[in-house]
Amino acid sequence: MKLKGRSVAKGVAAGKALVSRQRISFLGAVEPTTGVVVDKTHDLYGKGVASRVLVFPGGKGSTVGSYVIYQLKKHGKSPAAMVILDRSADTIVAVGAIIAEIPAVDSVELKLELELGAGAAEGEGGRGLLRDGEKVVVNADEGYIEF
Amino acid sequence: MHLTREEERIYEGEAGWTRQKAMEILVAIGEINDASMLIPIKTAHLSGASYKTIGDAFEFINSLEGRVAVESTLNPVGMDLEKEKWREMGVLEPFAKKQLAVLAAYKSLGVSAECTCVPYLLGGGDLPKKGEHLAWAESSAVLFANSVLGARTNMEGAPSALAAALIGKTPLYGLHQAENRKPTVRVKVCEREKCELADADYSALGFLIGNLVGDKIPAIELPVSSRPPSRDELKHLSAAVGATGSVGMFHIKGVTPEAEEEELPEEEIKIGKEDLKAVFGGAEDENCEPEGTAIALGCPHCSPAELRRIYGLLKEEGRGRKVRKDFFVFTARAIKESESVRREGLVEKIENFGVKVKVICDTCFVVSPAFEGYDCVLTNSGKMLRYVPLLCGGARARLCRTEECVRGAF
């Protein structure tokens, strides 16, 4: 399955999908040296973003969040790539991805569906299902994801 | 977004990695906000200066090369930069080392090392002018620049202001465009009551307005019984709106250069005397007992007039006594060293009220790690009322008028 997206930060990367239906406040919710989500109210609580393809609705909160994404990269704990769903990326995630050089795309037509605690994202019109843990390629140079 | 040939060249990396990154940031922000082009800015003001807030991300700033393209100022760092002073504050060596490295990274890019949240109080007559485009981070300064000076800036984040400084441009959207600067909600203050707003009343008012309007631009209608607000009162209003809200501008007739031209919106919010009073204590859980365990003034940094007033109040309330509680006054180094403040000996006179009284430059209560051991802080700042409970190791804050803050010190 190949879906079109818009390039937010250039590059190509692949990894296992980590799917969330909630926005992430990187400053405060993600520990910058381990990549673990420490916000108890978040659906990714306790999970690590390191080397995963983070599929989520975008960021929120302080603009310092961009620098947290940069710190994750420096500690080797950043997502391999980011896919921002359904809408335009916010500036926190876009800027974070650019300075940390993490490939990122937005405007990908996926709908989120979480089943039995395992995240999955369904393609527009039921064309496919991106399951949590499934391998995804993000090509932000050409603007698409493939899984 | 349309880029000129020169901008395109930078975007493709032909002007080096630093300018490429900066251009990528501006383009990404521009595209997200449907900007049509980049426009030149007069000055930039950068946040992300204290090691306490940006941590090891300063390596990003360290990795940048070249110089900023426009005059750029910096927010407060995590300590007074005089060695004797930061030691006295109790800042530990490892923090100080990191903080000096952060500052050196900004300086090597040509950013002014004047670390303050009130760039509009420096530089004498060289203030931003009506209609001038800026890229400022630091919400209190953004609100002041847009609402009092009539300059135009969006509420920049730390990386976007830095990118704008490096390129000398910012995407054209939001508060840079006249149509997005119009008021969208009326705020009637003490509509049928007699209120004489002064001093920290403006902190309380801003605190409420930010909470109530979110991202709507308020047209604030001050009570007719009140004298027009002073610059310092407008500074406190700006800081408090920026702390609790997410809007970058307000309108006040007689203050905001554009306010005369605008039609008033339909939506209305009312704020009464009792609402204002409630911000001063008692109503909110995080407020603390009236005596306090420390006093902090100068958020945003004190102007010369405020330093003068604090000295006057210390004389008046002290009646020959020394201050008993830790009493901090924050200001900009350029203000401390300004001709009038030095001639009057204001800093020495204030510090003569006891060893617990300290006039501190380059930093503030919230962005320094040195002030985390307090239980209850008295302040005249609505911005501190919001951030002390979040960022100061569990301390609480209580909003008081400046004279009550000073009285509490003895």
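None of these values were measured; they are calculated from a predicted model. (Residues numbered from 1 in each chain as written. Chains lettered and ligands numbered in written order. Predicted model: local features only at pLDDT ≥ 70, side-chain atom pairs only at ≥ 80, totals over all residues. Heavy atoms only, no water.)

1. Re unusual backbone geometry
Residues and elements named next belong to chain B.
- Each neighbour pair has its own omega, and for Cys299 with Pro300 the value is -5 degrees, a cis peptide bond.
- Residue position: Pro300 is located in strand S9 (residues 294-302).
- Positive phi, normally seen in glycine, also occurs at Asp34, with a value near 55 degrees.
- Note on placement: Asp34 falls in the loop between helix H2 (17-32) and strand S1 (38-40).
- Since its relative accessible area comes to 70%, Asp34 is described here as exposed. (Helix = DSSP H or I, 4+ residues; strand = E, 2+ residues; numbered from the N terminus. Buried < 20%, exposed > 50% of the residue type's maximum accessible area, 1.4 Å probe, protein only.)

2. Focus: the side chain of B:Asn146
Residues and elements named next belong to chain B.
- When you line up the elements, Asn146 lands in helix H7 (residues 139-149).
- Among the polar contacts made by the side chain of Asn146, one reaches the main-chain carbonyl oxygen of Thr153 at a distance of 2.8 Å.
- For Asn146, the contacting residues outside a window of four places in its chain are Ala151, Arg152, Thr153, Leu175, Arg181, Gly248, Met249, Thr256 and Glu258. (Polar contact = N/O pair within 3.5 Å; in protein donor to acceptor, adjacent residues only side chain to side chain. Contact = heavy atoms within 4.5 Å.)

3. What to know about the domain arrangement of chain B
All names here are of chain B.
- As assigned here, chain B comprises domain 1 (5-178), domain 2 (182-279) and domain 3 (283-409).
- On a C-alpha basis, the centroid separation for the pair domain 1 and domain 2 is 28 Å.
- In this complex, domain 1 contributes 19 residues to the contact, which on the side of domain 2 involves 20 residues.
- Between domain 1 and domain 2, a total of about 1500 Å² is buried, with carbon and sulfur atoms accounting for 64% of that surface.
- Joining domain 1 to domain 2, the criterion identifies three residue pairs in polar contact (both at pLDDT 80 or more).
- The residue inventory of the side of domain 1 that touches domain 2, partitioned by class, reads 12 nonpolar, five polar and two charged. (Domains from an automatic or database assignment. Buried area = accessible area lost by both parts, 1.4 Å probe. Nonpolar A, V, L, I, M, F, W, Y, C, P; charged D, E, K, R; others polar.)

4. Let's talk about the sheet that holds strand S2 (residues 6-9) of chain A
Residues and elements named next belong to chain A.
- Reading across the sheet, the eight strands line up as S1-S11-S10-S3-S4-S5-S6-S2 and stay open at both edges, with mixed pairing between neighbours. The sheet is open, and its two edges are formed by strand S1 (2-4) and S2, each paired on a single side. Strand-to-strand, the axes of this sheet are offset by a mean angle of 30 degrees, without reference to chain direction.
- Bridge count between strand S3 (residues 12-19) and strand S10 (residues 135-139): five bridges; the pairing is antiparallel. (Pairing = 2+ DSSP bridges. Axes fitted to C-alpha atoms, helices over the stretch in contact; angles between N-to-C directions.)

5. Some remarks on the pairing of strand S6 (residues 185-189) of chain B
Residues and elements named next belong to chain B.
- Most of S6 sits inside the fold, with five of its five residues counted as buried.
- Residues Val185, Val187 and Val189 line one face of S6 and the alternating positions Arg186 and Lys188 line the opposite face, and both faces are buried.
- Of the pairings in the sheet, the one linking S6 to strand S7 (residues 218-221) comprises four bridges and is parallel in character. Bridging from a neighbouring strand, Lys188 pairs with Glu221 of S7.
- When S6 meets strand S8 (residues 268-271), the two strands line up parallel, connected through four bridges. By the bridge assignment for S8, Arg186 is matched with Glu268.

6. Topic: the packing of helix H2 (residues 65-74) of chain A against helix H3 (residues 91-100) of chain A
Residue and element names in this part refer to chain A.
- At a minimum axis distance of 8 Å, the contact between H2 and H3 shows a crossing angle of 35 degrees. Here H2 and H3 pass one another in a crossing that is right-handed. Here Gly65, Ser66, Tyr67, Ile69, Tyr70 and Lys73 of H2 come into contact with H3, specifically with Thr91, Ile92, Val93, Val95, Gly96, Ala97, Ile99 and Ala100.
- Residue classes in the contact of H2 with H3 are distributed as nine nonpolar, four polar and one charged. (Left-handed = near helix turned anticlockwise from the far one by under 90°.)

7. Notes on the pattern of salt bridges
- Considering all chains together, one arrives at 38 salt bridges over all chains under this definition.
- Notably, a salt bridge pairs A:Arg52 with A:Asp132, separated by 3.6 Å at the nearest N-O pair. Taken together, the residues span a long stretch of sequence, with A:Arg52 in the loop between helix H1 (26-29) and strand S4 (53-56) and A:Asp132 in the loop between strand S9 (129-131) and S10 at a distance of 80 residues.
- Classification of A:Asp132 as partly exposed rests on a relative accessible area of 24%.
- One salt bridge connects B:Arg308 with B:Glu344, and the closest N-O pair in it is separated by 2.9 Å. Here B:Arg308, found in helix H12 (residues 304-318), pairs with B:Glu344, found in helix H14 (residues 339-344); they are 36 residues apart in sequence, far enough to count as distant.
- The exposure class of B:Glu344 is partly exposed, given its relative accessible area of 24%.
- Salt bridges here are not isolated pairs; linked through shared partners, they connect B:Asp80, B:Glu82, B:Arg333, B:Lys336, B:Glu337 and B:Asp362. (Salt bridge = Lys/Arg side-chain N within 4 Å of Asp/Glu carboxyl O.)

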